[in-house]
Amino acid sequence: MKSFDSINTEYARWLKETQNDASMQDELRALEGNREALAEAFGYELCFGTSGIRGIMGPGPCCLNKYVVRRATQGLADYIHSQALDAPSVVISYDSRYHSKEFAEETAKVLSGNDIKAWIFDSMTPVPILTYAIGQLTCDYGIMITASHNTGIYNGYKVYNRDGYQVLSPEPEAILDAISKLDFFSGIKMSDNRIIRLNDDIPQRFIKEVLELQEGWISSDIKNDIKIIYTPLNGTGNKYVRQLLSESGFNNVTVVHSQENPDGSFATCKTPNPEKIAAYNEAFRLMDAEGGDVIIATDPDSDRVGAALIHSGTKVNLSGNQLGVLILDFLCHVRTLKEGKSVYRSVATTPMIDLLAKEYGLNLKTTLTGFKYIGEAISKMMHKGESSNFFCGIEESNGYLFSPFIRDKDGISSALIIASMVALYKSQGMDLIDRLEALAEKYGECYERPRNYTFDGIAGKEAMEKIMTYFREEAVDTIGNIKIEKRIDYLTEETDFPKTDMIEYHLEDGSRAIVRPSGTESKIKVYAYLTANNSPIIDEINSIMNQFKLS
């Protein structure tokens, strides 16, 4: 962190440079005299990370605001020009968050000012359609203004490459280097000359292509026998998921009214994340009042999808792993299986996927955590002319893709798969939980215990570094008094993957645990797959995390 003298100097500079920006002046003046708030806003810079930027919206270089967005875009533009591309172009979209449209417009103006054609959607548009548009427009990059499933105080800036997945090393480092050479207020070129507005044509092409991918999964009569409750969680999925379900023949769909339209505050759902059962509170109220077979939820940028239901009187939110298992199982039953097909899963995804892949003669391919690595694998297949070998991609954090027509997780098409599964199993006298129980009986029980530990601010970043050092240097023999049989440090050891800050443990009792910092949030994520329901492994991990939180 900078010294307080440096913080005050930069604070004074921002006050001077934004004199004509009344809104920013108000935000800056509100920090005056508050050492802690000034340190959080000016103590460091919000950096371009694994695939972009994500941070709390506010004044100063530590927060996301239009000056940070302008500088990031100028750096990206400089990087693009360093590649000597012929007539470069970028497509831009945004979600429902506060300032998302403004940040998208600022992005377009800076690209245009740097003689880069900037396509921008004329209304908020989901990630899957943005990645689809990259290919349809033959763009060099795509930019999505979103903080995905984070709370309403956050926003972000995600960059996708010409193949349609989020940029991978060494590009993020090169883009960061270009950004770091720039000031927030000088050297930023802006114009409107090369901005092109996109209408609904590409989104409708996307919907048409998804409809053609169904392969006659299920009959129309059983589609009409289920009631779906859908919530876009105040995000971008509303129009597109509803249209796709309707045109697929699902006519009994009710939308959660309080979460139907854009709301950057996410007033009814502070964390609009379909991984969390709290995201379904409003939908469950509707289900209690009107009935229904399933709740389908998409996050604000609609690359993630979730499902919940009432099973034997209990409200259940399916985990990303459970949904992934169900999707793979369903696809294996409704698709023609051919030799050479491959299932892709992240290293942190349930090992149940491995068992299903083996059962149905599918090749299993493992990638690092982050759907961009699955996207990279798809692109390599495509460039070799082997796209027909892709069966599906599954990530534990509610990310799925069943066709290589795009290269990122797709909550829109996955919503169609969920609806189809529910209809099929209801026609057989089951719900999704019944099907999961049948699979557990066949393949064995696997208890998943994911944990997210949040560490805010500068002190939080330091605590996260200490925790990873502890797991690297101290947790080498046992966890929860269970012997570690194998440990893989993806940062220091040679693996088949790029170096990444992640440690994987295989324990004597057959359990597996992975510890890694999030690439986009101030969190450490733990993925545990246990052989016993009540395991001391999680108790010890909790103890370690709390120790550093309190220190």
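Residues numbered from 1 in each chain as written. Predicted model: local features only at pLDDT ≥ 70, side-chain atom pairs only at ≥ 80, totals over all residues. Heavy atoms only, no water.

What follows covers the overall build of the protein chain. Looking only at helices and strands, the protein chain has 18 helices and 22 strands in total. Since a compact globule built from 551 residues should have a radius of gyration of about 24 Å, the 23 Å found for the protein chain is in line with a globular shape. Oriented by its inertia axes, the alpha-carbon framework of the protein chain measures out at about 70 × 55 × 50 Å. Residues classed as buried in the protein chain amount to 59% of the 551 residues present. (Helix = DSSP H or I, 4+ residues; strand = E, 2+ residues; numbered from the N terminus. Rg over C-alpha atoms; globule rule 2.2 N^0.38 Å. Buried < 20%, exposed > 50% of the residue type's maximum accessible area, 1.4 Å probe, protein only.)

Bringing the packing of helix H4 (residues 66-82) against helix H7 (residues 171-180) into the picture now. At their nearest, the axes of H4 and H7 sit 8 Å apart, and the two run at 115° to each other. Taken as a pair, H4 and H7 cross one another with a handedness that is right-handed. Along its contact with H4, which presents Arg-71, Ala-72, Gly-75, Leu-76 and Tyr-79, the element H7 presents Glu-171, Ala-174, Ile-175, Ala-178, Ile-179 and Ser-180. Its residues placed into classes, the contact of H4 with H7 shows seven nonpolar, two polar and two charged. (Axes fitted to C-alpha atoms, helices over the stretch in contact; angles between N-to-C directions. Left-handed = near helix turned anticlockwise from the far one by under 90°. Contact = heavy atoms within 4.5 Å. Nonpolar A, V, L, I, M, F, W, Y, C, P; charged D, E, K, R; others polar.)

As a further point, take the side chain of Asn-161. Counting through the fold element by element, Asn-161 comes out in the loop between strand S5 (154-160) and H7. Filtering out sequence-adjacent residues up to four positions away, Asn-161 remains in contact with Ile-134, Asp-140, Tyr-141, Val-167 and Glu-171.

With respect to topology, five strands assemble into an open sheet ordered S8-S7-S9-S10-S11, the strand pairing being mixed. A strand with exactly one partner marks an edge of an open sheet, and here the two such strands are strand S8 (253-255) and strand S11 (314-317). Going from strand to strand, the sheet's axes swing by 25° on average, the running direction of each strand aside. Here strand S10 (residues 305-311) runs beside S11; their pairing, made up of four bridges, is antiparallel. In the sheet register, Ala-308 faces S11, and the bridge partner there is Asn-317. Lying on the sheet, helix H10 (residues 238-248) is in contact with strand S7 (228-231), S8 and strand S9 (294-298); it crosses S7 at an angle near 160°. The sheet contacts of helix H16 (residues 432-443) involve S10 and S11, and relative to S10 the element is tilted by about 95°. (Pairing = 2+ DSSP bridges.)

Core analysis: the largest hydrophobic core is formed by 85 residues, its most contacted members being Val-91, Leu-328 and Met-421. In terms of residues, this core owes the most to one element, helix H15 (residues 411-427), which gives eleven residues. Apart from the residues lying within four places of it in its own chain, the contact partners of Val-91 are Trp-119, Phe-121, Leu-130, Ala-133, Ile-134, Leu-137, Cys-139, Tyr-141, Gly-142, Ile-143 and Leu-198. With 46 residues, the next largest nonpolar core counts Ile-7, Tyr-79, Ile-80 and Leu-111 among its residues. (Core = buried A, V, L, I, M, F, W, Y, C linked by side-chain atoms within 4.5 Å.)

On to the sheet that holds strand S13 (residues 363-367), then. With respect to topology, four strands assemble into an open sheet ordered S13-S12-S14-S15, the strand pairing being mixed. The strands lining the two open edges of the sheet, one partner per strand, are S13 and strand S15 (399-401). Between one strand and the next, the sheet's axes are offset by a mean angle of 15°, whatever the strand orientation. The strands touched by helix H12 (residues 320-334) are strand S12 (342-346), strand S14 (390-395) and S15; relative to S14, the strand with the most contacts, the crossing angle is about 165°.

With that settled, consider the pairing of S9. S9 sits mainly inside the fold: five of its five residues count as buried. Burial of the side chains of S9 extends over both faces: Val-294, Ile-296 and Thr-298 are buried on one face and Ile-295 and Ala-297 on the other. Relative to S9, S7 runs parallel, the two sharing four bridges. Residue pairing across strands places Thr-231 opposite Ala-297, the latter belonging to S9. Bridge count between S9 and S10: four bridges; the pairing is antiparallel. Its bridge partner lying in S10, Ile-296 is registered against Ala-307.

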